[in-house]
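# Results of the structural survey
Take a look at the letters that make up each chain.
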Amino acid sequence: MKDPIKEIVADSKFAEGVAWVRRHFLANEVIVKEGELGNSLFFIEEGKLRVSVHVELEERRRVQPGISDLEQGEIFGETCLYESRARTASVIAVTDGCLLEIDGEKLNAYLNEHPVQGYLFFRRLFEILFERMGRSNHTIEHLLAWGLKAHGIDVYLQTDQIKQS
């Protein structure tokens, strides 16, 4: 099955240069910056990107850890599909590559006029989001286990281990 985004951008009713543009990027290039206002979402055609957020450890001490990697076929910036919003994370290129920057308002209008493509788009978006959520849950579990062990809290918690009598 062809990717719904590729089918949408191939439709002459969703014109390149008006509804979307192809952007080539280089390693270490900032694609979006956390906090900036955005009105577009992105589809990765090739390359690898890293999502990162600012984390304040203590007063005047911040880090910007990578929380997720994105690759070919993934969508990001989807919170801007219906309206302009502040970006919730920064996205930085790990490798050279290419992506499609899609105007959220124009995509929303297109999907409303083409319900079959809209269904296929949202189905694919949900698949991507569920996959991303699963990876995030796995990361959170590892960080939680590390934090509990590092602070000695794990000894006070019940475990799944069954004690043999």
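What counts and what doesn't
Residues numbered from 1 in each chain as written. Predicted model: local features only at pLDDT ≥ 70, side-chain atom pairs only at ≥ 80, totals over all residues. Heavy atoms only, no water. Core = buried A, V, L, I, M, F, W, Y, C linked by side-chain atoms within 4.5 Å. Buried < 20%, exposed > 50% of the residue type's maximum accessible area, 1.4 Å probe, protein only. Helix = DSSP H or I, 4+ residues; strand = E, 2+ residues; numbered from the N terminus. Contact = heavy atoms within 4.5 Å. Arc of directions from axis to C-beta. Polar contact = N/O pair within 3.5 Å; in protein donor to acceptor, adjacent residues only side chain to side chain.

## A short note on the nonpolar core
One recurring pattern in soluble globular proteins is that nonpolar side chains are buried together. Residues Phe14, Ile75, Ile102, Leu107 and Phe121 are the most contacted members of the largest nonpolar core, which totals 18 residues. Put simply, the parts of the chain that give this core at least two residues each are α1 (4–10), β4 (40–46), β12 (97–103), α2 (104–113) and α3 (115–150). If sequence neighbours within four positions are ignored, Phe14 has contacts with Ile8, Val9, Ala19, Trp20, Ile102, Lys106, Leu107 and Tyr110. Judged by nonpolar contacts, the second largest core, of 14 residues, contains Ile31, Val51, Ala89 and Ala93.

## A word on α2
Every buried residue of α2 is listed here: Gly104, Leu107, Asn108, Tyr110 and Leu111. The buried residues of α2 occupy an angular sector of 165° when the element is viewed end-on, so they sit on one face. The exposed residues of α2 that point more than 90 degrees off its buried face are Glu105, Asn112 and Glu113. For α2, the elements touching its buried residues are α1, β4, β12 and α3. The backbone nitrogen of Glu105 has a side-chain oxygen 3.1 Å away, supplied by the residue at the start of α2, namely Asp103.

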